[in-house]
Amino acid sequence: MNDRFSIIAAYSRRGGRLLLGLFLYALGSSLTIQANIGLAPWEAFSMGCALVGGVSFGNAVVISGFVIVLAAYFLNEKLGVGTLLNAVLIGKFVDLILATGWIPAMTSLESGIALLVVGQFVICLGSFFYIGAGLGCGPRDSLMVAVSRRFPGIPIGAIRGMMEGAVLAVGWLLGASVGLGTVISVLGIGFSLQLTFRLLDFDVKQVRHDSIDVTAKALKLAWTTIR
């Protein structure tokens, strides 16, 4: 009985860490948008998709997230509860945060750069929390992890940087706004991610994620035994 309660408690903690990470990631994305000096790569990609598809920014994030999930799946990366929640919640969190209006758009280059840098580190901190929950990486990070496992000799920061550059090119071609902030994001996200993970002594390649079926079976067994 105690073991079953321990399982539920453990998943509750991991779920809380996951949700915290998703919110922090959305907060960081919102900060980079409100920096107002050019969209960061993934934001540019989603904005380009929104412009072409005629949908909201948040819905574009959700749709593109599921497309990336499929790509990661075909690269044999496990899909977990966290993967699906990431695909849905980050976009919705961003829409919610921006709708509140409590993060004003910056009006000077200096303040824009400062907010952008803060946003990048908040994104990296969010990645640390929800990847570390072990409930499945989000769409972007699932793809990042899948690629990193196939090229173990390449630093994770370099892989993330190359991904950022690729999606930026697509977003720009689709009509998204780019600027100095975009350049800073492309050059800085890999460094920010690697520095954050190093300071937190976090090796993303060592995380073992529960797939959706593993999580479901564990919780079902624990709940059935308790009842």
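Whatever comes next refers back to the structure up there.
Small disclaimer: the values here were computed from a predicted structure and weren't measured. (Residues numbered from 1 in each chain as written. Predicted model: local features only at pLDDT ≥ 70, side-chain atom pairs only at ≥ 80, totals over all residues. Heavy atoms only, no water.)

### Things to note about the environment of Ser111
Now for step 1: Here Ser111 shows up in helix α5 (residues 109-132).
Now for step 2: Ser111 sits in the partly exposed class, given a relative accessible area of 24%.
Now for step 3: Along the chain, Ser111 and Asn36 lie 75 residues apart, while their C-alpha atoms are 9.4 Å from each other.
Now for step 4: At 2.8 Å, the side chain of Ser111 forms a polar contact with the side chain of Ser108. (Helix = DSSP H or I, 4+ residues; strand = E, 2+ residues; numbered from the N terminus. Buried < 20%, exposed > 50% of the residue type's maximum accessible area, 1.4 Å probe, protein only. Polar contact = N/O pair within 3.5 Å; in protein donor to acceptor, adjacent residues only side chain to side chain.)

### A short note on the nonpolar core
Now for step 1: Counting residues in each nonpolar core, the largest one holds 50 residues, and the members touching the most others are Ile90, Ile131, Phe197, Phe202 and Val204.
Now for step 2: Secondary structure elements with two or more residues in this core: α1 (2-34), α2 (41-53), α3 (57-74), α4 (81-100), α5, α6 (139-150), α7 (156-173) and α8 (180-199).
Now for step 3: Among the elements that line this core, the one with the most residues is α1, at nine residues.
Now for step 4: Apart from residues no more than four positions distant in its own chain, Phe202 is found in contact with Phe128, Ile131, Gly132, Phe197 and Val207. (Core = buried A, V, L, I, M, F, W, Y, C linked by side-chain atoms within 4.5 Å. Contact = heavy atoms within 4.5 Å.)

### Thoughts on the pattern of salt bridges
Now for step 1: Counted by the stated rule, this structure contains one salt bridge.
Now for step 2: For Asp210, the salt bridge identified is with Arg14, shortest N-O distance 3.3 Å. With Asp210 in the loop between α8 and α9 (212-226) and Arg14 in helix α1, the pair connects residues that are 196 residues apart, well separated along the chain. (Salt bridge = Lys/Arg side-chain N within 4 Å of Asp/Glu carboxyl O.)

### Regarding the packing of aromatic side chains
Now for step 1: Enumeration according to the criterion identifies seven aromatic pairs in this entry.
Now for step 2: Seen from their ring centres, Trp42 and Phe45 are 5.9 Å apart, and the 85° between their planes marks the pair as edge-to-face. Pair noted here: Trp42 and Phe45 are both in helix α2, with a separation of three residues, about one helical turn.
Now for step 3: Phe45 sits in the buried class, given a relative accessible area of 15%.
Now for step 4: In this structure an aromatic cluster arises from ring pairing among Phe128, Phe129, Phe197 and Phe202.
Now for step 5: The aromatic ring of Phe128 is capped on one face by Arg17, whose charged end is 4.7 Å from the ring centroid. (Phe/Tyr/Trp six-rings, centres within 6.5 Å; stacked < 30°, edge-to-face > 60°. Lys NZ or Arg CZ within 6 Å of the ring centre and 35° of its normal.)

### Quick word on the packing of α3 against α6
Now for step 1: Running from N to C, α3 and α6 point in directions that differ by 25°, and their axes come no closer than 8 Å. The pairing of α3 with α6 is recorded here as roughly parallel in orientation. Like other packed secondary-structure pairs, α3 and α6 cross with a definite hand, here left-handed. Across the interface between the two elements, Val61, Gly65, Ile68, Val69, Ala71 and Ala72 of α3 pack against Pro139, Arg140, Ser142 and Leu143 of α6.
Now for step 2: Of the residues that constitute the contact of α3 with α6, the class distribution is seven nonpolar, two polar and one charged. (Axes fitted to C-alpha atoms, helices over the stretch in contact; angles between N-to-C directions. Parallel < 35°, antiparallel > 145°, perpendicular 65-115°, else oblique. Left-handed = near helix turned anticlockwise from the far one by under 90°. Nonpolar A, V, L, I, M, F, W, Y, C, P; charged D, E, K, R; others polar.)

### Considerations on α4
Now for step 1: If you check α4, its first and last C-alpha atoms are 28 Å apart, about what 20 residues at 1.5 Å a residue would give, namely 28 Å.
Now for step 2: Ala87 marks the point of greatest bend in α4, at about 30°.
Now for step 3: All buried positions along α4 are accounted for by Gly82, Thr83, Asn86, Ala87, Ile90, Gly91, Val94 and Ile97.
Now for step 4: Looking at the residues trailing α4, positive phi occurs at Gly101, about 75°. (Expected span 1.5 Å × (residues − 1). Bend = angle between axes of the 7 residues up to and from the residue.)

### Let's talk about α3
It helps to recall that an α-helix has 3.6 residues per turn; residues three or four apart then point in one direction.
Now for step 1: The terminal C-alpha atoms of α3, which comprises 18 residues, lie 26 Å apart, in line with the 26 Å expected from a rise of 1.5 Å per residue.
Now for step 2: For α3, the full list of buried residues reads Phe57, Gly58, Ala60, Val61, Val62, Ser64, Gly65, Ile68, Val69 and Ala72.
Now for step 3: Of the residues flanking the end of α3, it is Asn76, one or two places downstream, whose phi is positive at about 70°.

### Remarks on unusual backbone geometry
Now for step 1: Despite not being glycine, Asn36 has its phi angle at roughly 65°, a positive value.
Now for step 2: Considering the arrangement of structural elements, one finds Asn36 in the loop between α1 and α2.
Now for step 3: If you check the backbone angles, Asp201 has positive phi at about 55° while not being a glycine.
Now for step 4: On the secondary structure map, Asp201 appears in the loop between α8 and α9.

### Quick word on a nonpolar patch on the surface
Now for step 1: On the surface, a cluster of nonpolar side chains totalling about 330 Å² of accessible area is made up of Leu51, Val52, Val170 and Leu174.
Now for step 2: Within the secondary structure, Val170 sits in helix α7. (Patch = residues over 30% accessible without salt bridge, like charges linked within 9 Å, V, L, I, M, F, W, Y side chains within 5 Å. Areas by Shrake-Rupley, 256 points an atom, 1.4 Å probe, with all protein chains shown as cover.)

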